[in-house]
Amino acid sequence: MVGQVVLLELHGGADTHLQPAGGTHMGCCATSRPPQPRTDIRDCSVDPPYLPPTVTNTTDRLAALRDVMRAHGVQAYIVPSTDAHMSEYISARDSRLGWLTGFTGSAGTGVVTQDRAALWTDSRYWTQAERQLDCNWELQRTVWIESIGLWMLEAVPVGGNISLDPFLFSIDTWNSYSQALHGSGRILLPIETNLVDQAWGDQRPPEASGQIYSLPAEFTGSIWQEKVAGIRQQMQQHTRHPTAVLLSGLEETAWLFNLRGDDIPYNPVFYSYTLLTNATISLFVDEQRLSPSAQQSLQAQCPGPLCVELHPYGDTRTHLGRYVQDNVTVWLGTEFTTFGLYSVIPQEKLLEDSHSPVMLAKAVKNAKEQELLRAAHVRDAVAVIQYLLWLEKMVPQGQVDEFSGAQHVDALRQAQEHSHGPSFQSISASGLNAALAHYSPSNGSSRTLSVDEMYLLDTGGQYLDGTTDITRTVHWGKPTPLQKEAYTRVLMGNIDLARLVFPPNTAGRVVESFARRALWDVGLNYGHGTGHGIGNFLSVHEWPVGFQSNNVPLASGMFTSIEPGYYRDGEFGIRIEDVALVVEAQTKHQSGEKPFLTFEVVSLVPYDRNLIDLSLLSSEQIHYLNSYYETIRERVGPELQRQQLEEEHEWLQRSTEPFPSTATTATATAATLAIASLLATLPTVLPA
């Protein structure tokens, strides 16, 4: 699933990531088409404005918020899309931006004044925003805080208060707003009472109440006491000798204590904070929600250094404030700590890193965790194969739409062993809807799947042994030359990155362009990130692994998705996504103390043969495909037979027939030269 955006492209027009970078110059594939009127997006230039049925009327909501703002003396209020733990996915209760705007994308910022309202979001969501915003809202096609700051300077007079909830903004984001407004005469005013919550009133969804439970021992990489000992050892070995680690990310506490919950849709986490010292462990959580086995696990060794003391969730700030009055040093990760908590700790008592030691430890899976994730992907492949076969039968009959398709694949996953539902809202997109990277269908506004259109399926599952995420794009009829070439080049990018061998300590951003090279060759590109980390029955987007500039260097034991794509606005979208494990490469020679690295793809579903143009592939790429298909047969075939899915097993055998090695020497040579050229740059750009 697309989880990151390439920020360098955000200042272009609406179609920056959808059109060829150098124009449509793909020979026979390019055609000129007169512009067609769009009925799926708003048009605020006509009177009365045209609004599609997907729009939410926000007039009353904005009026309620503006009343609250006046009561607090606020001229502008900033509303983020996050919660108090900087979670990417948030609960309905925390969906303040969604309630206020009607926009349901996972990334965005709103600003409201007494007479204007604007939403900032990235290129993944521009079209979605035009479908969901009414004309009360301006859409700003960027996420740069500098842009938000300039807009506020224009909208708010000198002396005006610009306010926000400090418990919903990261440290870096607060500092960026402070810098953008510095010397402007406007006041950045933190208000701990959330103004949107006041406007929302009793219509706001209730607090989470589900049970918090212990993960069975067979699905954990190690007991939580060993994890705590490992973090304490890092504290002792650090040159600053921190006395405590503060954990704000929900995944951090869940992973550390082998606990899970259901407070966030699609993510088995629960609201909590942890303060871990050399001698004590404080867990801030709703104690009443802990299962008896979870409570027994946490407090079996009380009193003592491995006794988890339970405190009310709402006491976190007060407890932290008391702790920092002593001679202490608190180690925290700035990516997941809000300014509201950070401001409690005096600067001289802070030890800051981008990510906490728990976040980094969680990112590298041990041998047991790796095997668990591999096993989850085998069963997940069974569900996806069942779905693809079902589509082949049903789509020609015109009996499947995007929404019913998403429901069906979710049900197939749910039937698999150890399933705990989807890992995100399924992206089931046909035709022009697939050009929206994060499109999800709804009942009543869903396209019927057709043999004449491309269909993109981006789905994932939560299992006790792992989290999955996979994307396949298919066409049941006759694809156009452009569709076939674009698909093949996306596949080439997926293969080139997956089979890459690279030095240890290489940052993902250094090798990310291998996934884009085949598209770049003909002037095509995509506007989202190339991959993200993935958890063991945790988040489908697990930081800090991936190919962005703010991700950590790749290391053996990390899992990441590899997901290049191509999107043609108003027509079709293509994405091919696999999850891969970083492993040590078997190389002829070894330079340095550490071995080189490569990827082991653990997603196990074949690609659509109907969309592959073999003439574009090199012999190395075809060899990789055949080897990958052999692995699929070996791993998924027996599981299909174990589940007595003989028709699906026959489909798998047909879909993984070896490809003939027919690639031209020129294609292979060009690919080899391009890879050699890129690798030659590695020594100059690797992090120190």
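Right above here is the structure, for reference.
Procedures and definitions
Residues numbered from 1 in each chain as written. Predicted model: local features only at pLDDT ≥ 70, side-chain atom pairs only at ≥ 80, totals over all residues. Heavy atoms only, no water. Buried < 20%, exposed > 50% of the residue type's maximum accessible area, 1.4 Å probe, protein only. Helix = DSSP H or I, 4+ residues; strand = E, 2+ residues; numbered from the N terminus. Pairing = 2+ DSSP bridges. Salt bridge = Lys/Arg side-chain N within 4 Å of Asp/Glu carboxyl O. Axes fitted to C-alpha atoms, helices over the stretch in contact; angles between N-to-C directions. Contact = heavy atoms within 4.5 Å. Disulfide = S-S within 2.5 Å. Phe/Tyr/Trp six-rings, centres within 6.5 Å; stacked < 30°, edge-to-face > 60°.

### Quick word on the pairing of strand β24 (residues 565-568)
Part 1 of the reasoning: The two faces of β24 match: Gly 565 and Tyr 567 on one face and Tyr 566 and Arg 568 on the other face are all buried.
Part 2 of the reasoning: Where β24 and strand β25 (residues 572-575) come together, 4 bridges link them in antiparallel fashion. Bridge assignment links Tyr 567 to a residue of β25, and that residue is Gly 573.

### Some points on the pattern of salt bridges
Part 1 of the reasoning: Summed over all chains, the structure comprises 35 salt bridges.
Part 2 of the reasoning: Salt-bridge contacts for Glu 130 lead to Arg 42; the nearest nitrogen and oxygen are separated by 2.7 Å. You can see Glu 130 sitting in helix α3 (residues 126-132) and its partner Arg 42 sitting in the segment before α1 (59-71), a full 88 residues away along the chain. Side by side, Glu 130 and Arg 42 carry an identical accessibility label, which is buried.
Part 3 of the reasoning: Lys 362 is the partner of Glu 251 in a salt bridge, and the nearest nitrogen-oxygen pair spans 3.2 Å. Placement of the pair is Glu 251 in helix α8 (residues 250-257) and Lys 362 in helix α12 (residues 357-363), with a sequence separation of 111 residues.

### Looking at the sheet that holds strand β2 (residues 109-113)
Part 1 of the reasoning: What the 6 strands build is an open sheet, ordered β4-β3-β2-β1-β5-β6; its pairing is mixed. Each edge of the sheet is formed by a strand with only one pairing partner; in this case those strands are β4 (138-140) and β6 (187-190). On average, each strand axis in the sheet is inclined to that of its neighbour by 25 degrees, with strand direction left out of account.
Part 2 of the reasoning: Inspection of the sheet shows strand β3 (residues 117-120) paired to β4 by 3 bridges, in the parallel sense. When the sheet's bridge partners are listed, Ala 118 is paired in β4 with Glu 138.
Part 3 of the reasoning: Strands in contact with helix α4 (residues 145-155) are β1 (76-80), β2, β3, β4 and β5 (161-164); relative to β2, the strand with the most contacts, it is inclined by about 5 degrees.
Part 4 of the reasoning: On top of the sheet, helix α5 (residues 171-181) reaches β1, β2, β5 and β6; it is set at about 150 degrees to β6, its chief contact.

### A word on the environment of Leu 625
Part 1 of the reasoning: Structurally, Leu 625 can be placed in helix α18 (residues 619-642).
Part 2 of the reasoning: Separated by 11 residues in sequence, Leu 625 and Val 636 have C-alpha atoms that sit 16 Å apart.

### Topic: unusual backbone geometry
Part 1 of the reasoning: A cis amide bond links Asp 47 to the next residue, Pro 48, at an omega of 0 degrees.
Part 2 of the reasoning: For the bond from Trp 543 to Pro 544, the omega torsion is 5 degrees, close enough to zero to count as cis.
Part 3 of the reasoning: Unlike most non-glycine residues, Asn 258 shows phi in positive territory, near 55 degrees.
Part 4 of the reasoning: Inspection of the secondary structure puts Asn 258 in the loop between α8 and β9 (259-260).

### Things to note about the state of the cysteines
Part 1 of the reasoning: Under the criterion given, the structure shown has 2 disulfides.
Part 2 of the reasoning: Disulfide partner of Cys 44: Cys 135, at an S-S distance of 1.9 Å. Between Cys 44 and Cys 135 the disulfide shows an S-S torsion of about -95 degrees. By sign, it is left-handed. Here Cys 44, found in the segment before α1, pairs with Cys 135, found in the loop between α3 and β4; they are 91 residues apart in sequence, far enough to count as distant.
Part 3 of the reasoning: Of the residues examined, Cys 44 reaches a relative accessible area of 39% and is grouped as partly exposed.

### Focus: the sheet that holds strand β16 (residues 427-430)
Pairing between sheet strands relies on hydrogen bonds along the backbone, with the strands arranged either parallel or antiparallel.
Part 1 of the reasoning: As summarised here, the arrangement of the 3 strands in space is β16-β17-β20, forming an open sheet in which the pairing is antiparallel. A strand with exactly one partner marks an edge of an open sheet, and here the two such strands are β16 and β20 (470-475). Recorded for the sheet is a direction-independent mean angle of 10 degrees between the axes of neighbouring strands.
Part 2 of the reasoning: In this structure, β16 lies alongside strand β17 (residues 454-459), joined through 4 bridges in antiparallel fashion. In the strand pairing of β17, Ile 427 is matched with Asp 458.

### Side note on the environment of Pro 503
Part 1 of the reasoning: Mapped onto the fold, Pro 503 is located in the loop between α15 (481-498) and α16 (508-511).
Part 2 of the reasoning: The spatial distance from the C-alpha of Pro 503 to the C-alpha of Val 269 is 35 Å, given a sequence separation of 234 residues.

### Let's talk about the packing of aromatic side chains
Part 1 of the reasoning: According to the stated counting rule, one finds 19 aromatic pairs in the structure shown.
Part 2 of the reasoning: On the basis of an interplanar angle of 70 degrees and a centroid distance of 5.6 Å, the ring pair of Trp 224 and Phe 257 is categorised as edge-to-face. Highlighted residues: Trp 224 in helix α7 (residues 224-237) and Phe 257 in helix α8, separated in sequence by 33 residues. One exposure class covers both Trp 224 and Phe 257, and it is buried.
Part 3 of the reasoning: Measuring from centroid to centroid gives 6.4 Å for Phe 339 and Tyr 342, while their planes differ by 40 degrees, and the two rings are tilted. Pair noted here: Phe 339 and Tyr 342 are both in helix α11 (residues 339-342), with a separation of 3 residues, about one helical turn. In this pair, the class of Phe 339 matches that of Tyr 342, namely buried.

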